[in-house]
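Geometric and topological summary
The chain contents come next:
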Amino acid sequence: MEEKEISQAVISRLPRYFRYLGMLKDEGVERVSSHDLSRIMHLTASQIRQDLNHFGGFGQQGYGYNVENLYDEIGKILGLDKEHNLIIIGAGNLGQALANYMNFERRGFIFRGIFDNNPEICGTKVRDIDVRPMEDMKSFVERNNIDIAVLTVPKSCAASIAEQLVSYGIKAIWNFAHVDLNVPENIQVENVHLLDSLMKLSYNLVSHDKQGA
């Protein structure tokens, strides 16, 4: 298939397709139309067809989509047919919660290690994995073929740690620090600003209340 630019809006919808198709697959549904998907996903059928056509379409007119096949194909597009080794930097409450979330590994994101600069935390265990000091991070990344780093550190140190990670060969950063990172263009960054999400929820709540007034 010819390489073409896919918008971030389309890419952001792919995990939703994957999740809903997984639910249909678990329920034993064998095929689904774009209209069926539109009802459960609250998207238009034309939007769904346009999104999937970026990757080849996958459907047949009058038949719809084979649920298992489409689920598998979207999984491949998302890279879920491969394993990704990840580490977590920051062993506080959020870091430990992410480390204990087993669904990541079911999707091929393998938790290999966790690091912190607090000597009182280093040496303790999270899911039977030792919390390591930051000075061990470089050799650990190189030995264990780590490609994703998860940042759950204060924003004051996030930029410098990201810089280190890039120099160690990390290819992608999942950033929970409340700061945008300045990294080379070839490094993939996904920013998760929890407060931004909560403020968006607040806006929608207030807007809904005004409309109902």
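Model, not experiment: these values are computed from the prediction. (Residues numbered from 1 in each chain as written. Predicted model: local features only at pLDDT ≥ 70, side-chain atom pairs only at ≥ 80, totals over all residues. Heavy atoms only, no water.)

1. Digging into the pattern of salt bridges
Any two side chains of opposite charge can pair if their charged atoms end up close together. All chains considered together, the criterion is met by 7 salt bridges. One salt bridge in this structure joins Asp36 and Arg39, with 2.4 Å as the shortest N-O distance. Here Asp36 pairs with Arg39, and both are found in helix α2 (residues 34–41), just 3 residues apart, close to one helical turn. Under the relative-accessibility criterion, Arg39 is labelled exposed at 56%. Linking Asp81 and Lys82 is a salt bridge whose minimum nitrogen-to-oxygen distance equals 3.7 Å. (Salt bridge = Lys/Arg side-chain N within 4 Å of Asp/Glu carboxyl O. Helix = DSSP H or I, 4+ residues; strand = E, 2+ residues; numbered from the N terminus. Buried < 20%, exposed > 50% of the residue type's maximum accessible area, 1.4 Å probe, protein only.)

2. Describing the layout of surface pockets
The calculated volume of the largest pocket comes to roughly 1900 Å³. Along its surface, the largest pocket is lined by 43 residues, and Ile11, Pro15, Leu78, Leu80 and Phe109 are the ones closest to its centre. Listing elements by their share of the lining of the largest pocket, those giving two or more residues are α1 (8–26), α4 (67–77), β3 (84–89), α6 (103–106), β7 (148–151), β8 (172–175) and β9 (188–191). Broken down by element, the lining of the largest pocket gets its largest block of residues, 11 residues, from α1. (1 Å grid on protein atoms, 1.4 Å probe; cavity = no way out; pocket = protein on both sides within 12 Å on 5 of 7 lines; lining within 4 Å. Points joined across faces, edges and corners; volume = space filled by probe spheres on them.)

3. Regarding the side chain of Arg13
Relative to the elements of secondary structure, Arg13 occurs in helix α1. Classification of Arg13 as buried rests on a relative accessible area of 17%. The contact partners of Arg13, leaving out residues within four places of it in the chain, are Leu43, Gln47 and Asp51. (Contact = heavy atoms within 4.5 Å.)

4. Considerations on helix α8 (residues 155–168)
Owing to its 3.6 residues per turn, the α-helix brings residues three or four apart onto one side. With 14 residues, α8 extends 20 Å between its outermost C-alpha atoms, agreeing within 8% with the 20 Å of an ideal straight helix rising 1.5 Å per residue. Looking only at α8, the buried set comprises Ala158, Ile161, Ala162, Leu165 and Tyr168. Downstream of α8 by a residue or two, Gly169 has a phi angle that is positive, lying close to 105°. (Expected span 1.5 Å × (residues − 1).)

5. Regarding the sheet that holds β8
Spatial strand order, β5-β6-β4-β3-β7-β8-β9: 7 strands in an open sheet with mixed pairing. With partners counted over all chains shown, the strands left at the sheet margins are β5 (125–126) and β9, one partner each. Pairing geometry for β3 and β7, over 4 bridges, is parallel. Residue pairing across strands places Ile88 opposite Val150, the latter belonging to β7. Strands in contact with α8 are β3, β7 and β8; relative to β7, the strand with the most contacts, it is inclined by about 170°. (Pairing = 2+ DSSP bridges. Axes fitted to C-alpha atoms, helices over the stretch in contact; angles between N-to-C directions.)

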